[in-house]
Amino acid sequence: MTPAAGATAGCARESSVGEPKARFRDLTAAEWIKIRSLRSTAWGLLLAGSAVVALTTGAAWHRVRYWQNPGDVHPSLVAEEISLLDAFTSHAAMVLTLASAVFGAVAVTGEYGSGLIRTTFTAVPARSAVVAAKAVVVAAVTALFGAVCALASFAATQAVLRTMCEGIPPDHPSVLRLLTASAMLAPVAALAGLALGTLLRHGAATAVACVAVLLLLPVVVSDDRHPTALLAHALPFEAWSRLALVESMVPDGAVAYPWSTAGAWTVYVVWSVVSVAVAATVVHHRDQ
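Read on for a plain summary of the structure. Just so it is clear, the structure is predicted and the values come from calculations on it, not from any experiment. (Residues numbered from 1 in each chain as written. Predicted model: local features only at pLDDT ≥ 70, side-chain atom pairs only at ≥ 80, totals over all residues. Heavy atoms only, no water.)

## Observations concerning the side chain of Ser182
Piece 1. As for its placement among the helices and strands, Ser182 is situated in helix H8 (residues 173–200).
Piece 2. Setting aside residues up to four positions removed in sequence, Ser182 forms contacts with Phe88, Leu96, Ala150 and Trp240. (Helix = DSSP H or I, 4+ residues; strand = E, 2+ residues; numbered from the N terminus. Contact = heavy atoms within 4.5 Å.)

Shown next as structure tokens:
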């Protein structure tokens, strides 16, 4: 080894020893800076949240304006069922799912499009740690977003429905389950979007994939047959539908293959864990 080469190697060793490895909290802080530095992030979430609350409030207003109470239905039963049905509608859940999935996808595809991902992985060779930090930030932001949407929707719809009936108190067990399921649907969809964005790397293609997997697939898959029912029950939107279900309004035997709320919560957890695992595996084995 020449003296120059020895000096270079010594400098490299000193640099590697003197420069500490990036801590996980540093990675999450960096990912948070990336996300909040984009103006489109705040505006996109604001518009999506406004659309969610507008849809739920509009459904409640339509109920008050045009619905008439059948004489043979007990008023308290009507109040509970209507309040739960309109507190967070399926259309609002679709908008929340799509907005969150696109948010998670953009957190990845934006870096691939600008080439910043190469700089990130050069600075932090531990790619799995980068993905984990990105997933934590995306999940935290969308969980807060989902909680705000769910609580705002509940408050707005109950204010409208109280002009017709008593409504339902916030401490009702079904309300807690509905609001939690609606709020947690956002981070589940966001992590799925993050995984799809890591796989496809292209914004438009990932958006189409998010719509197809998270919104179209639950519509086309029937739960009338056992194999397709199993597939339907494994989807996040169907899990939300199960958690938002008002059991008192479903006659016995109306559902061919019923499933439990515990199974629906499990779907949420599995999709979140698998999405992060897929994203970490892809960036670990693929050139950037």
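## Some words on empty space enclosed by the protein
Piece 1. Counted under the stated rule, the structure contains one cavity of 30 Å³ or more.
Piece 2. Considered as a void within the structure, the largest cavity measures approximately 70 Å³ in volume.
Piece 3. Around the largest cavity, the lining residues are Val108, Tyr112, Ile117, Phe121, Val130, Val131, Lys134, Leu194, Thr198 and Val283.
Piece 4. Those elements that provide at least two residues to the lining of the largest cavity are helix H5 (90–114), helix H6 (116–123), helix H7 (127–161) and H8.
Piece 5. The element best represented in the lining of the largest cavity is H7, accounting for three residues. (1 Å grid on protein atoms, 1.4 Å probe; cavity = no way out; pocket = protein on both sides within 12 Å on 5 of 7 lines; lining within 4 Å. Points joined across faces, edges and corners; volume = space filled by probe spheres on them.)

## Looking at the packing of H5 against H8
Piece 1. Relative orientation of the contacting elements H5 and H8 amounts to 35°, with a least axis distance of 7 Å. Regarding H5 and H8, the two cross each other, and that crossing is right-handed. Of H8, the residues touching H5 (which contributes Ala93, Leu96, Thr97, Ser100, Ala101, Gly104, Ala105, Val108, Thr109 and Tyr112) are Ser182, Leu185, Ala186, Ala189, Ala190, Gly193, Leu194, Gly197 and Thr198.
Piece 2. Its residues assigned to classes, the contact of H5 with H8 comprises eleven nonpolar, eight polar and no charged. (Axes fitted to C-alpha atoms, helices over the stretch in contact; angles between N-to-C directions. Left-handed = near helix turned anticlockwise from the far one by under 90°. Nonpolar A, V, L, I, M, F, W, Y, C, P; charged D, E, K, R; others polar.)

## Structural notes on the packing of aromatic side chains
Piece 1. Applying the stated rule across the entire model yields three aromatic pairs.
Piece 2. With a centroid separation of 5.6 Å and an interplanar angle of 40°, the aromatic rings of Phe237 and Trp240 are classed as tilted. Of this pair, Phe237 and Trp240 both sit in helix H11 (residues 236–243), separated by three residues, roughly a single helical turn.
Piece 3. Look at Phe237 and you get buried, because its relative accessible area is 9%.
Piece 4. Here Trp265 and Tyr268 contribute two aromatic rings whose centre-to-centre distance is 5.7 Å and whose plane-to-plane angle is 85°, an arrangement assigned as edge-to-face. Within this pair, Trp265 and its partner Tyr268 are both found in helix H12 (residues 261–285), separated by three residues, close to a single helical turn.
Piece 5. For Trp265, a relative accessible area of 29% translates into the label partly exposed.
Piece 6. Put simply, the rings of Phe88, Phe237 and Trp240 touch in pairs and so form one group of aromatic residues. (Phe/Tyr/Trp six-rings, centres within 6.5 Å; stacked < 30°, edge-to-face > 60°. Buried < 20%, exposed > 50% of the residue type's maximum accessible area, 1.4 Å probe, protein only.)

## Considering the packing of H8 against helix H9 (residues 203–220)
Piece 1. Orientation of H8 relative to H9, taken along the N-to-C sense of each, is 135°, at an axis distance of 9 Å. Judged by the inter-axis angle, H8 sits oblique to H9. The handedness of the crossing between H8 and H9 is right-handed. For the pair H8 and H9, the contacting residues are Ala189, Ala192, Gly193, Leu196, Gly197 and Leu200 in the first and Ala205, Thr206, Ala209, Cys210 and Leu214 in the second.
Piece 2. Within the contact of H8 with H9, the residues separate by chemical class into eight nonpolar, three polar and no charged. (Parallel < 35°, antiparallel > 145°, perpendicular 65-115°, else oblique.)

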